[in-house]
Amino acid sequence: MFHLGDKVKLSDFYLANYCGVDNLKERAGEVVGIEVRYVPAETLMEQKEAYQRFFSRYGKLDRYESITLLVKYPDINMVYIMSQFGVEPVK
């Protein structure tokens with residue numbers, strides 16, 4: 001789970017699937033907004049790739065949390081909208 005103020009970096013998933021973000025690869029962002037929705041597993045099963053991502057991370061559930069994060073990069077004054085698969089915590 002993510003919390004406001006968490007420091008995050010882009011995940012390999014995000015870097016592989018979205019273009020134009022190479023400049024953010026080594027930068028830490030800060031979670032400034034979180035929205036959580038619940039999606040039934042059967043709805044996700046209609047999109048096999050999406051279901052596999054949720055299943056791999058959380059196991060078999062009847063419904064999954066779909067998390068939208070607002071991640072701010074203060075040094076460039078930009079905010080990006082990402083899913084929970086787009087970032088990972090900075091350690």
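Scroll up to find the structure.
Here is a short report on the structure shown in this document. All values derive from a computational prediction rather than experimental measurement.

## Overview of the overall build of the protein chain
- Secondary structure summary: the protein chain contains three helices and five strands in total.
- Counting from the amino terminus, the protein chain carries its helices and strands in the arrangement β-α-β-α-α-β-β-β.
- Burial analysis of the protein chain (91 residues in total) assigns 31% to the buried set.
- Nonlocal contacts in the protein chain, meaning residues at least 24 apart in sequence, comprise 61% of its contacts between residues at least 6 apart.
- Approximately 6200 Å² of the protein chain is accessible, and the part contributed by carbon and sulfur atoms is 51%.
- For the protein chain, the centre of its 12 positive side-chain charges and the centre of its 13 negative side-chain charges are spaced 2 Å apart.

## Structural notes on the nonpolar core
- Within the largest apolar cluster, 14 residues are counted, with the highest numbers of intra-cluster contacts made by Leu 10, Leu 69, Val 71, Tyr 73, Met 82 and Val 87.
- Broken down by secondary-structure element, the contributors of at least two residues to this core are β1 (7–10), β3 (63–73) and β4 (78–83).
- It is β3 that contributes the most residues to this core, four residues altogether.
- With residues up to four places along the chain from it excluded, the contact list for Val 87 reads Phe 2, Val 8, Lys 9, Leu 10, Ser 11, Leu 69, Val 71 and Met 82.
- Grouped together as the second largest cluster of nonpolar side chains are eight residues, Leu 44, Ala 50, Tyr 51 and Phe 85 included.

## Some remarks on the pattern of salt bridges
- Under the definition given, this model contains three salt bridges.
- For Lys 7, the salt bridge goes to Glu 30, with nearest N and O atoms at 3.4 Å. Taken together, the residues Lys 7 in strand β1 and Glu 30 in strand β2 (residues 29–40) connect sequence positions 23 residues apart.
- Assessed through its relative accessible area of 27%, Glu 30 is described here as partly exposed.

## What about the packing of aromatic side chains?
- Scanning the entire structure with this criterion turns up eight aromatic pairs.
- On the numbers, 5.8 Å between centres and 85° between planes, the contact of Tyr 73 with Tyr 80 is edge-to-face.
- The exposure class of Tyr 80 is buried, given its relative accessible area of 19%.
- Three or more aromatic residues link up through ring pairs in this structure, and these residues are Phe 13, Tyr 51, Phe 54, Phe 55, Tyr 58, Tyr 64 and Phe 85.
- Sitting over the face of the ring of Phe 85, Arg 53 holds its NZ or CZ atom 5.9 Å from the ring centroid.
- Across the ring face of Tyr 38, the terminal group of Arg 63 is positioned such that the distance to the ring centre comes to 4.1 Å.

The rules we used
Residues numbered from 1 in each chain as written. Predicted model: local features only at pLDDT ≥ 70, side-chain atom pairs only at ≥ 80, totals over all residues. Heavy atoms only, no water. Helix = DSSP H or I, 4+ residues; strand = E, 2+ residues; numbered from the N terminus. Buried < 20%, exposed > 50% of the residue type's maximum accessible area, 1.4 Å probe, protein only. Contact = heavy atoms within 4.5 Å. Areas by Shrake-Rupley, 256 points an atom, 1.4 Å probe, with all protein chains shown as cover. Lys, Arg positive; Asp, Glu negative; His and termini not counted. Charge placed at Lys NZ, Arg CZ, Asp CG, Glu CD. Core = buried A, V, L, I, M, F, W, Y, C linked by side-chain atoms within 4.5 Å. Salt bridge = Lys/Arg side-chain N within 4 Å of Asp/Glu carboxyl O. Phe/Tyr/Trp six-rings, centres within 6.5 Å; stacked < 30°, edge-to-face > 60°. Lys NZ or Arg CZ within 6 Å of the ring centre and 35° of its normal.

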